[in-house]
Structures are given as structure tokens and as C-alpha cells.
Amino acid sequence: MAWGQGVRKPVLGLLFRAQQQAARGYSSSSFQTRVLGTHVPQNDMFHRRFSSQVSSSEQMNLIKQLRERTSAPIKDVKASLVSCNWDIEAAQKDLRKRGVVLAAKKSSRTAAEGLLAIAQDEKRAAVIELNCETDFVARNDVFQYLASSMAKMALSAQGPGQLFLPFGPEYLENMSIKLDHPKLSGETTVQSAVTEVAAMVGENVKFRRGFILSTTAHGVVSSYLHTCPQPGLGRIAGLVTLEAEDSSVSLDALKTVGSSIAMHIVATKPLFLSKELVSAAAVENEREILRTQAESSGKSQMAMGKMVEGRLRKYFEEVVLMEQKYVLNDSTNIKAVLNDLSKEVGSKVTIGNFFRMQVGEGIERPEAADGSEPIAHAAA
């Protein structure tokens, strides 16, 4: 009994002192801090002791929030949150640093997917190609926003008097671009914006090339985009300029026909504007191939000559825009379409320039080579 009373006295003494500290406004955590002789703010003590014990549901919520903010891969989002003790602001900064390093490491990987973006007015059109590794990233809203912004910038940056201007990454990459997207905002260089998007999506992202097409005459620049996820974006582009001799004619009819000819260009892949613009070397090369094919038929020289000329006309119908059958009405050709348009507006209408462009053409893919570079064609 005496022993029990002796034990209760120190226990009661400890409880009494704890009650006194509580009466003075100290919490148990601050009391522990003072006993240890270390003056740490109560909130910091709480953070250190309990941040590692974030509930599973709160962890999922933080991952979702950071994913929505950055579009970064989930595994990278979680890794940054864990390394930053689930502090979302610190994790966002860490993710950007981590992403730039990863983007640099991935820059050598093949990027043959992506999008074309077009920006235009009545007299000019700019189209750029922004590449990534997969079509999944090409559907990402940040990727699409950057592509559209770069096309608009290219259009505004064009100097006067250039009817057709092909350009590479060096033309835009050091220019300043203003961005206004929830996940990509502020003013930076084009190259920095491309690197930041690459960090967000976890793939190699590259600005590959662009073209600007203009007309100084009384006319229009028309375009068509195939596989178009939203206006101004697509995988294949056709552009054409239509010009009227009489500067007083309305351009409405030219816009309508121009749009359909741009679609025709995407579908038929013409290489030349007119027969006169096909080089003599190209004609002779094709004639030699056709002559070799005709000789295997065993027919007379006269018959073989007719076969060669007939097949050469067919070749022109396949590769020369003015000779091609019109995709919207195969009973006529593009030359006849322009003649009908000229009669409608009361003035001669001609094609000034045209070109076709496709995402990834000319890039060596891991499994195969794909396509060729687009060719621009000017009237003589």
C-alpha cells in the first residue's frame, strides 16, 4: 500500500504540471518542444511529424490536381509529390526541373507524329509542323495550343514581298512568344515553350519546319486540312493561291473554288502545276520507263510509240495539277474548273502557287521510311 502511494505521487505530479502548461495555453506538441529545449514553431512540428501520413484519398487528390496543372505523366507527378513531402507547390517546381532534364534526354528519339497548324488571312497563310512521338500526345490540348500559337506567330513574323517562304526551326525558335493557357502561360522563347511542353507530355517534341504562302495580286489564299481535330489543325494540308486579272471582281467565288482545289491537292498529291513546268529530264526519264515496258509487249515500233505517248498523257494526268481529274467531278479537270470560274467572275483566274504537306513525311521511322518532302509550285 505504501509502495502504491509512492508511485502515485510522481505520476500525479506529472499530470499536475501538464495541466498547468495547458492552462497557460501550451499544446502537447509545444510542451514537448520546450521540454526538449528546441524552439520550433508548432506548425512546422506538425508538418514534419504528420506530412508523411497523408491519407490515400488526399494523395490521390493531390496527384489529380498536379496532373491537371501540368499534364505530366502520373508516375512523374507522384515521384515529385513524394520527394517534396506532398507539398503541391514545391512538387510543381520540382516537376518542371525534372521535366526539362528528361526532355533533353529524349531529344534524340524519333518524333514522326504530331500536327500541322495553319493561321491565315485573305492574302497570306502560314503552316507549321510540330512533331511528337505518338498520336496520343498530338491529341493533348497543350500540344495543340502550342502548335496553333506558333502558326499565328509565323504569320505575323513574315516579311513583305515573299510569296513563298519555307523555313526551319531557326526561323522561329529564338523569337518571343506570349502564351495564355491554364497549363502554359507567360512570355518565353519558342524553343523554351517547346521544351516545356516536351517536359509536360514526357515525349520528344520538336518544331520541324514551316511554310508561308502569299499573294500580292487580287486573289485569295485557300487551305484545306485533313484529319482535323479542331479548326486550324490537321495531319495533311493543301494550300493554293487563286488570282484574278481584274482587281474589281468579287473574291467570294474564288474562295469557294479555292477551298475545293485545296482539298483536291490533299487527295491527289500533284507534283507540278502545268505540263510546261515538268522538267525535260523528268519527261525523258518517264518516257524511257514507258518505252521499256512497251518493248516487252512484242508489238510493232509504231504501236509501241502510240503506247508510250498514251501512257505519258496518263502520267501527266496523275502528277500535273492542271491536267488532273477533279475529285469532286471526275468528268472534268482542274483546267476546266478554272475556265468555268473565269467565266463566272468575268475575269481570267489563275493558280499562283500551291503545295501539299503531311506530318512526318521524309522522317525515317524505326520501322520504315515515309514519304517525301513537300514541293511548292509556282506558275511560270
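Residues numbered from 1 in each chain as written. Predicted model: local features only at pLDDT ≥ 70, side-chain atom pairs only at ≥ 80, totals over all residues. Heavy atoms only, no water.

The protein carries the name Elongation factor Ts, mitochondrial in an unreviewed UniProt entry, which gives Urochloa decumbens as its organism. The Subcellular location (unreviewed entry) field of the UniProt record for the protein holds the comment "Mitochondrion". (UniProt positions renumbered as here; feature names shortened; annotations may be inferred.)

Engineer: Any details on unusual backbone geometry? Residues and values, ideally.
Structural biologist: A negative phi holds for most residues other than glycine; trans holds for most peptide bonds. Although it is not a glycine, Trp86 sits at a positive phi angle of roughly 65 degrees. Secondary-structure assignment places Trp86 in the loop between helix 5 (74–83) and helix 6 (88–106). Residue Trp86 is classed as buried on the basis of its relative accessible area of 13%. Here the phi dihedral of Thr227 falls at roughly 55 degrees; this positive angle occurs in a residue that is not glycine. (Helix = DSSP H or I, 4+ residues; strand = E, 2+ residues; numbered from the N terminus. Buried < 20%, exposed > 50% of the residue type's maximum accessible area, 1.4 Å probe, protein only.)

Engineer: If you had to explain the pattern of salt bridges to someone new, which residues and values would you point to?
Structural biologist: As enumerated under the stated definition, the model contains 13 salt bridges in all. A salt bridge links Glu323 to Lys335, with the shortest nitrogen-to-oxygen separation between them at 3.3 Å. Taken as a pair, Glu323 in the loop between helix 12 (301–319) and strand 10 (325–326) and Lys335 in helix 13 (residues 334–345) lie far apart in primary sequence, 12 residues in all. Judged by relative accessible area, which is 16%, Glu323 ranks as buried. Ionic contacts of the salt-bridge type, sharing partners, join the residues Glu129, Arg208, Arg209 and Glu361 into one network. (Salt bridge = Lys/Arg side-chain N within 4 Å of Asp/Glu carboxyl O.)

Engineer: I'd like a rundown of the sheet that holds strand 3 (residues 164–167), residues and numbers included.
Structural biologist: Pairing is antiparallel in the open sheet, where five strands are placed in the order 3-6-2-1-8. Unpaired on one side and paired on the other, strand 3 and strand 8 (233–234) mark the two borders of the sheet. Pairing between strand 1 (residues 113–120) and strand 2 (residues 124–132): eight bridges, direction antiparallel. Within strand 2, the position partnered with Gly114 by the bridge is Asn131. (Pairing = 2+ DSSP bridges.)

Engineer: Can you explain the environment of Tyr224? Please cite residues and give values.
Structural biologist: Turning to its location among the elements, Tyr224 is positioned in strand 7 (residues 219–226). A relative accessible area of 27% places Tyr224 in the partly exposed class.

Engineer: How would you sum up helix 10 (residues 252–268)? Please name residues and give values.
Structural biologist: The end-to-end C-alpha distance of helix 10, which contains 17 residues, comes to 25 Å, matching closely the 24 Å that a straight helix rising 1.5 Å per residue would cover. Within the span of helix 10, buried status applies to Ala253, Leu254, Val257, Gly258, Ser260, Ile261, Ala262, His264, Ile265 and Val266. Just downstream of helix 10 lies Lys269, where phi reads positive at about 55 degrees. (Expected span 1.5 Å × (residues − 1).)

Engineer: How would you explain the environment of Ala151 if you had to name every residue and give the values?
Structural biologist: Among the structural elements, Ala151 can be located in helix 8 (residues 141–157). Residue class for Ala151 comes out buried when judged on its relative accessible area of 0%. A sequence separation of 32 residues divides Ala151 from Ala119, and the C-alpha atoms of the two residues are 5.4 Å apart. Contact partners of Ala151, with chain neighbours within four places excluded, come to Ala117, Ile118, Ala119, Ala126 and Ile128. (Contact = heavy atoms within 4.5 Å.)

Engineer: Talk me through the side chain of Thr215; I want residue IDs and the actual numbers.
Structural biologist: Along the chain, Thr215 turns up in the loop between strand 6 (206–214) and strand 7. By relative accessible area, which is 5% here, Thr215 ends up buried. Dropping the residues within four chain positions of it, Thr215 is found in contact with Lys123, Leu163, Val220, Val221, Thr241 and Glu243.

Engineer: If you had to explain the side chain of Thr332 to someone new, which residues and values would you point to?
Structural biologist: You can see Thr332 is positioned in strand 11 (residues 329–333). If near-sequence neighbours (up to four positions away) are discounted, Thr332 is found in contact with Gln324, Lys325, Tyr326 and Val337.

Engineer: Describe the nonpolar core, and please don't skip the residues or the numbers.
Structural biologist: Core analysis: the biggest nonpolar cluster contains 35 residues, and Ile128, Leu130, Phe143 and Met150 have the highest contact counts within it. Those elements giving two or more residues to this core turn out to be strand 1, strand 2, helix 7 (135–138), helix 8, strand 3, strand 4 (176–181), helix 9 (190–201) and strand 6. In terms of residue count, the dominant contributor to this core is helix 8 (nine residues). Those residues in contact with Met150 that sit more than four places away from it in its chain are Ile128, Leu130, Leu172, Ile177, Val190, Val194 and Phe207. Grouped together as the second largest cluster of nonpolar side chains are 24 residues, Ile261, Ile265, Leu321 and Phe354 included. (Core = buried A, V, L, I, M, F, W, Y, C linked by side-chain atoms within 4.5 Å.)

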